[in-house]
Amino acid sequence: MSEASVAVSHGDGSSTGIDNKKLMMWLFLGSDCMFFGTLISTHLIYRKLYPNPEVSPTEIFSIDLTTASSFILLMSSFLMALAVSAMHKGEMKSYRRMTWGVILFGLIFLGFQVYEFNHFIHHYDFTIQSGTMGSTFYLMTGTHGCHVAIGVLILLSQLIASYKGKLTTANSMDVEVAGLYWHFVDIVWIIIFSAVYLVEYL
Amino acid sequence: MSQSTAESHTLVAEKSGIGLTRPDHRSGWVDWLTTVDHKKIAVMYALAGLFFFVVGGIEVLVLRIQLSAPEMNFISPQTYNQLFTMHGTTMIFLGAMPIIAGFFNFLVPLQIGARDVAFPRLNAFSLWVFMAGAIVLNISWLFQLLQVMGIFNPEGGKDIVPAIGWFGYAPLSAGEYSGIGSDFWIFGLQILGVASIAASLNFIVTILNMRAPGMTMMRLPVFTWMTLITSFLIIFAFPALTIALLELMFDRMFGTNFFRVSEGGQPILWQHLFWIFGHPEVYILILPAMGVISEILPAFSRKPLFGYPIIVFSGAVIGFLGFAVWSHHMFTTGLGDIATAAFSLLTMAIAVPTGVKIFNWVGTLWGGRIKFTVPMVYAVGFIWMFMMGGFSGIMHSAAPADSQQQDTYFVVAHFHYVIIGGIVMALFGGIYFWLPKLTGKMWEGKLGYWAVGFVVVGLNVTFFPMHFLGLFGMPRRTHTYLAETGFGPLNMLVTIGAFILAFGLLMVIIDMIKTLRSGKPAGQDPWDARTLEWITTSPPQVHNFDKTPIVKARDAFWYDKHGDAKYKMEYEPDDGHGIHMPSQSWFPLMTGIGMMIMGISLSLYSGGVPFMGYLGIGGIVVVTVGVYLWLFEGPGGYHLHPESEESK
């Protein structure tokens, strides 16, 4: 990255004072809200329309397990915030340590999701073809899982770049933008966890 | 910034972050394939748009021949369905939207005094992904040809060209009822959606962040304002379509039940999701057209735009309300009285800001020294023709009337008045207005006037009788009709009108080619216009502005020329570092090609063609590798040093 573009990437000379990449990420997340909004509302509408599906959600959900994995994802967001803050302060070592933590927690969450899907399919015969609920559940949580996986890839790429010396403290904005994405994916999970899992126990 | 200031106009071939030499061609086809220059991208968008506009036009002329007389058998019902599907999809996604994207690309950076868009490589990515989507949609014709020749026979063997309407209603578009044409349609639209969203994010950041000093939001040219609002509409409306297409794709490929009625799937879900996208899409098309009109009218009335803030806010209100009226496409589906009444009222409400704009345009004309140049004729024609479409639109907003008009030619008449009388007229007016700036050459002679005459006459002869046909009960999307219905004579008139219209549009294209070949030099500011694009050379140099202008008023250039001394244009001083320009890149093109491979092979995979699943995964790999190389290549950049005598 040339010096000139580094200077620009901190919002200098932008009309709003917000960095271009950061503004772009905020706008993308606004658009992403509509993606998840559509998926979650499709699920909720079909749940309301068919209150008694063949496979009862409360029977198959293991709420303890999902709570644990949700907690881990939340904590990954905490580590992400620390990583961004470390980068801003120029503490490369701390940034790397925190980012490894985020990646690990993200992978644990994904592992839980793989286990959950596997369990549903093999123990309860609840597949993507099981009525409308199977379809909406797997597409929605699967899309969220893809977002987490992409987030892990982004963070891992940045981490590797930092070991190769290509990501320096001058690029702290790139880390902050990745952080924004990670927090958003986390917030979406909170909504899915409440509206899809917890609501079933009311 | 450390490069020597002595190297004037020399371009250093630089190594990118991944060790490959970046392309640095300034001419030839490598330049076009790797360019990140918003002006070249605009030209490619516009040429592709015009090409598909002609394709969609030919498709509809075949349809009109079929309908010109009762019980014709010019084409089979199957071909008829394919043609009206591809006509609608092509005109909206591959004709109108890319021409509009061309306008956005060419004008927005120039109008706000910027050197390029915020993310130049992302801009190139949008272009190539658009091309990929266009190819995926239209390559279905090639496979159908192969099927006719007996070489290609996919599973099911039904329509290989999409035959599900531009709205692709499920469950017709789901697995049991349609062939792999639906897959081409799904993947094509999905890829086009990626292109649109990426481009819109780019334009919003550009407009919000890249304005020249002094260019406050309320000094933005109206076209740029409409671009901003349209881009917001795109990023919030397209996700609904993306998810609907994803659900449909899962239904087709993985046996899910989103729209499978036997398993509880609800066809109405598709309608809602499609129109939550589909209605804002209407405003995505018309708002830029309104922006174009708002630039042309003041220039040739020699007056400022009447009520600039009101025009801007009306545009924003249209944008907001545009998300609240989708169900008026579904009045006959039995939404219930309350929902129907609410959507009916909101639809009527959206006529208010639109009407306000019309009054503002008329107010701009009022008392002006009007010059009827060709763009001005288009602009005045726009007001008149668009209003005709608007009036029948208000008729639809009354739900009881709408339930009579649903799926008849009355609706066809309505939206063609809006699309041709509104969008096409505005865009062609815009092409005449900005072609001298884009090419540096001026059109002349009477051909342009004759063309607009044929367009207006053809438009009215084609679509006005459709109102009557619709009210007499002629249904849309029907292959033919019986002689006893008495629809014959009016349909013949409509077909004649369609050919007049096509002839007019052909004349426009001939006029453009004539201008390109033998137009006289246009000069910097042929219209004595108001906005910043006219202070640059025609055509603009690669870096747009030698020095960044400092904006002191709305219509800055007009006040510079005709206003008080205090409005005289000033420029940012040269900082001695030169102008930072983005480097070219191969990777936007590479990701586009990857998307194309993915779209085509996954569509064929759905038809049971061997090895296509692997090829589809290969396409995804190409996209991923392209994105990684793009990221590690880094933004790059070089410095330009315009010589002082070149500056204005």
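The preceding data block contains the structure.
Below is a short write-up of the structure. Please read these numbers as outputs of a predicted model, since none were measured by experiment. (Residues numbered from 1 in each chain as written. Chains lettered and ligands numbered in written order. Predicted model: local features only at pLDDT ≥ 70, side-chain atom pairs only at ≥ 80, totals over all residues. Heavy atoms only, no water.)

1. Regarding the packing of aromatic side chains
Residue and element names in this part refer to chain B. Across all of its chains, the model carries 58 aromatic pairs over all chains by this definition. Measuring from ring centre to ring centre gives 5.1 Å for Phe 51 and Phe 52, while their planes differ by 75 degrees; the resulting arrangement is edge-to-face. Where Phe 93 meets Trp 166, the ring centres are 6.1 Å apart and the plane angle is 50 degrees; that geometry is what we call tilted. In this pair, Phe 93 sits in helix 3 (residues 77-112) while Trp 166 sits in the loop between helix 4 (120-148) and helix 5 (181-209), placing the two residues 73 residues apart along the sequence. Given the relative accessible area of 3%, Phe 93 is considered buried. By relative accessible area, Trp 166 is classed as buried at 16%. One aromatic cluster is present, formed by Phe 103, Phe 104, Phe 203, Phe 223, Phe 300, Tyr 378, Tyr 432, Phe 433, Trp 434, Trp 443, Trp 527 and Trp 534 through successive ring pairs. The aromatic ring of Trp 558 is capped on one face by Arg 530, whose charged end is 4.4 Å from the ring centroid. (Phe/Tyr/Trp six-rings, centres within 6.5 Å; stacked < 30°, edge-to-face > 60°. Helix = DSSP H or I, 4+ residues; strand = E, 2+ residues; numbered from the N terminus. Buried < 20%, exposed > 50% of the residue type's maximum accessible area, 1.4 Å probe, protein only. Lys NZ or Arg CZ within 6 Å of the ring centre and 35° of its normal.)

2. Some details on the pattern of salt bridges
All names here are of chain B. Taken as a whole, this structure holds 16 salt bridges over all chains when the rule is applied. Linking Lys 40 and Asp 31 is a salt bridge whose minimum nitrogen-to-oxygen distance equals 2.7 Å. With its nearest N and O atoms 3.4 Å apart, the salt bridge here joins Lys 520 to Glu 444. Of the two residues, Lys 520 sits in strand 2 (residues 520-521) while Glu 444 sits in the loop between strand 1 (441-442) and helix 13 (447-472), which places them 76 residues apart along the sequence. Take Glu 444: its relative accessible area is 36%, and that puts it in the partly exposed class. Overlapping salt bridges, with partners in common, bring together Arg 302, Asp 525, Asp 528 and Lys 561 in one network. (Salt bridge = Lys/Arg side-chain N within 4 Å of Asp/Glu carboxyl O.)

3. A short note on the side chain of Arg 47 of chain A
All names here are of chain A. Within the secondary structure, Arg 47 sits in helix 2 (residues 20-49). Residue Arg 47 is classed as buried on the basis of its relative accessible area, which comes to 14%. At 3.4 Å, the side chain of Arg 47 forms a polar contact with the backbone oxygen of Tyr 50. Engagement of the side chain of Arg 47 in a polar contact is seen with the backbone oxygen of Pro 51, the distance being 3.4 Å. With residues near it in sequence (within four places) discarded, Arg 47 still touches Pro 53, Pro 57, Met 133 and Glu 200. (Polar contact = N/O pair within 3.5 Å; in protein donor to acceptor, adjacent residues only side chain to side chain. Contact = heavy atoms within 4.5 Å.)

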